[in-house]
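# Examining the three-dimensional arrangement
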Amino acid sequence: MIRFALAGLAANKVRSALTMLGVLIGVASVILLLAVGNGSSVAVKNSITALGTNSLTVSAGTSGGARTSSTVKKLTVDDAKALADQSQAPDIKSVAPVVTTSAAAVYGDVSYTPGSIVGTYPAYFETSNQKIQHGDYFSNDDVLNSRKVAVLGSTTAQQLFDTEDPVGRSISIGGTPFTVVGVLTAKGSTGFTDPDDVVIAPLPTVQNAFTGFSSVSQILVQATSADTTTAAQSEITQILMGTHSLTDPTKLDFRVSNQTSLLTARESTGKTFTVLLGAVAAISLLVGGIGITNIMLVTVTERTREIGIRKALGAPKGVILGQFLTESTLLSVIGAGLGVVAGIVGSHFSVVGIKPVVIPSSVLGAFGIAVAIGLFFGSYPANRAASLRPIDALRHE
């Protein structure tokens, strides 16, 4: 039966190849798109985890809907100083207020706009797990004296200096000269943003040159240990309620996020994103199944006289049914097998900046579903062929 099925497929090589191509595209799409979704989640998870389990982020924002955006008090350097008070917050190790802006950086004839210009304190480097590859961090003395010094991310350094050593060189950012004192170790892209495309400078320097001194974008806080993160979060809430003149803990105008909550939220979003990609890719499998139905119906029509002769010679209905089901199944099996190979090979290349991570269950699932689709969509043409009356089939022109 398999030999007859293979002979039937070989008789129409182009038609069979196009049908298998439809299945191949469907299976490869499912594997690759799910791998892209999973790769995105893994990249962001690694990025968040790298910050450490004792890091917290304080950001401005309404909570509970009690205040309008015009009356919400923004975060300030004074808020950060209050959080750094060991007498009020014994479970907080370090505090780093952060402002972010954007401006073009110029070195010689090269002009480049980094992803962000960050103004902060030296504690930022430890809290955000930023390591120096070459040179050094700026110091607290640089902050106190508003010195125009900067630490570059690896992407920014490469764009501005190429193979030249940046340390000690002077660059202009938005018209303000800065001396490069260090280059950070590359973290790698998360797929949508590049954490290495950054310039980090003392907070007062950035405020004076770009953002002004009114408020900060966020405050990074490092707890004394992973075990004291919850206590540190409670201390942050209590202190900022005081500095913001709040009495109702359900109507805060700031948010405190720890890495665990960020990771949980991102994993939930990542799963939704992956399922959505898988659903889109599954449509390709359905289209491939419809293609199998059409091709097998054409095959049955072309071979009607052959079916009549075989039935006249005593071939039972089950044999005819099995032959055409075998042909449709072989189409899906071969196409699915090639699709698995294509999907796995494709996952070795970055897609829109994301390194795909193949989900083993998606490989088995896509292959199994493709084979099942071959059986399901091939059953109607096969049953139609098996139900033909020998006399009618022999009369067919």
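Residues numbered from 1 in each chain as written. Predicted model: local features only at pLDDT ≥ 70, side-chain atom pairs only at ≥ 80, totals over all residues. Heavy atoms only, no water.

### Thoughts on the overall build of the protein
- Regarding its fold elements, the protein presents 13 helices and 12 strands.
- Residues counted as buried form 46% of the 397 residues belonging to the protein.
- Considering only contacts within the protein whose residues lie at least 6 apart along the sequence, 79% involve residues at least 24 apart.
- For the protein, the accessible area works out to roughly 18900 Å², and carbon and sulfur atoms hold 60% of it. (Helix = DSSP H or I, 4+ residues; strand = E, 2+ residues; numbered from the N terminus. Buried < 20%, exposed > 50% of the residue type's maximum accessible area, 1.4 Å probe, protein only. Contact = heavy atoms within 4.5 Å. Areas by Shrake-Rupley, 256 points an atom, 1.4 Å probe, with all protein chains shown as cover.)

### Description of the pattern of salt bridges
- The full count for this structure, using the stated rule, is 5 salt bridges.
- Close ionic contact of Arg147 with Asp142 constitutes a salt bridge, the shortest N to O distance being 3.0 Å.
- In this structure, Arg169 engages Glu164 in a salt bridge whose closest nitrogen and oxygen atoms are separated by 3.3 Å.
- Classification of Arg169 as partly exposed rests on a relative accessible area of 37%.
- Its relative accessible area of 31% is what places Glu164 among the partly exposed residues.
- Sharing partners across several salt bridges, the network here consists of Asp141, Asp142 and Arg147. (Salt bridge = Lys/Arg side-chain N within 4 Å of Asp/Glu carboxyl O.)

### Looking at the side chain of Ser154
- Within the secondary structure layout, Ser154 lies in helix H6 (residues 154-161).
- Classification of Ser154 as buried rests on a relative accessible area of 18%.
- Each residue touching Ser154, except ones within four places of it in the same chain, is listed here: Val183, Leu184, Ala186 and Asp196.

### Remarks on the nonpolar core
- Within the largest apolar cluster, 43 residues are counted, with the highest numbers of intra-cluster contacts made by Leu83, Ile171, Ile219 and Ile236.
- Ranked by residues supplied to this core, first place goes to helix H8 (residues 229-243) with 5 residues.
- Filtering out sequence-adjacent residues up to four positions away, Ile171 remains in contact with Val106, Tyr107, Leu152, Leu160, Phe161, Thr176, Pro177, Phe178 and Val180.
- Counting 26 residues, the second largest nonpolar core, distinct from the first, contains Met296, Ala315, Ile373 and Ala385. (Core = buried A, V, L, I, M, F, W, Y, C linked by side-chain atoms within 4.5 Å.)

### Description of the packing of aromatic side chains
- For the structure on display, the rule yields 4 aromatic pairs.
- Taken together, a centroid distance of 6.1 Å and an interplanar angle of 80° make the contact between Tyr124 and Phe125 edge-to-face.
- With relative accessibility at 10%, the residue Tyr124 sits in the buried group.
- The class for Phe125 is buried, based on a relative accessible area of 2%.
- Each ring, one from Phe125 and one from Phe138, has its centre 5.2 Å from the other, and the planes form 70°; the classification is edge-to-face. Here Phe138 lies in the loop between strand S6 (132-135) and helix H5 (140-144) and Phe125 lies in helix H4 (residues 123-127), a separation of 13 residues in the sequence.
- These aromatic residues form a ring-pair network of at least three members: Tyr124, Phe125, Tyr137 and Phe138. (Phe/Tyr/Trp six-rings, centres within 6.5 Å; stacked < 30°, edge-to-face > 60°.)

### Section: the environment of Leu56
- Within the fold, Leu56 resides in strand S1 (residues 55-60).
- Taking the C-alpha atoms as reference points, Leu56 and Gln222, separated by 166 residues in sequence, lie 6.2 Å from one another.

### Some points on helix H12 (residues 360-386)
- If you check H12, its first and last C-alpha atoms are 38 Å apart, about what 27 residues at 1.5 Å a residue would give, namely 39 Å.
- If you look at H12, its biggest bend is around 40°, right at Ser379, and the proline Pro381 turns up within four residues after that. (Expected span 1.5 Å × (residues − 1). Bend = angle between axes of the 7 residues up to and from the residue.)

### A closer look at a nonpolar patch on the surface
- Together, Val14, Leu18, Leu21 and Ile25 line one region of the surface with nonpolar side chains, adding up to about 380 Å² of accessible area.
- Examined against the element boundaries, Ile25 turns out to sit in helix H2 (residues 13-50). (Patch = residues over 30% accessible without salt bridge, like charges linked within 9 Å, V, L, I, M, F, W, Y side chains within 5 Å.)

### A few points about the pairing of strand S10 (residues 198-202)
- S10 sits mainly inside the fold: 5 of its 5 residues count as buried.
- Relative to S10, strand S5 (residues 116-120) is paired through 5 bridges, and the arrangement is parallel. Counterpart to Thr120 in the pairing with S10 is Pro202.
- Bridge count for strand S7 (residues 149-152) against S10 is 2 bridges, and the pairing is antiparallel. Paired with Leu152 across the strands is Val199, a residue of S10. (Pairing = 2+ DSSP bridges.)

### As for unusual backbone geometry
- With a phi close to 50°, Ser146 is a non-glycine residue in the positive phi region.
- Judged by its relative accessible area of 32%, Ser146 falls in the partly exposed class.
- Within the chain, Ser245 stands out as a residue other than glycine whose phi angle is a positive 60°.
- Looking at the secondary structure, you find Ser245 in the loop between H8 and strand S12 (254-258).

### What to know about the side chain of Thr237
- Relative to the elements of secondary structure, Thr237 occurs in helix H8.
- A polar contact of 3.0 Å, which involves the side chain of Thr237, links it to the backbone oxygen of Gln233.
- Setting aside chain neighbours within four positions, we find Thr237 in contact with Leu252, Phe254 and Val256. (Polar contact = N/O pair within 3.5 Å; in protein donor to acceptor, adjacent residues only side chain to side chain.)

### Description of the packing of helix H11 (residues 317-346) against H12
- At their nearest, the axes of H11 and H12 sit 7 Å apart, and the two run at 150° to each other. Taken together, the axis directions place H11 and H12 in an arrangement best described as roughly antiparallel. The chirality of how H11 crosses H12 is right-handed. Two secondary-structure elements touch here, H11 through Lys317, Ile320, Leu321, Phe324, Leu325, Ser328, Thr329, Ser332, Val333, Ala336, Gly337 and Val340 and H12 through Val363, Phe367, Ala370, Val371, Gly374, Leu375, Gly378, Ser379, Ala382, Asn383, Ala385 and Ala386.
- Partitioning the contact of H11 with H12 into residue classes produces 15 nonpolar, 8 polar and 1 charged. (Axes fitted to C-alpha atoms, helices over the stretch in contact; angles between N-to-C directions. Parallel < 35°, antiparallel > 145°, perpendicular 65-115°, else oblique. Left-handed = near helix turned anticlockwise from the far one by under 90°. Nonpolar A, V, L, I, M, F, W, Y, C, P; charged D, E, K, R; others polar.)

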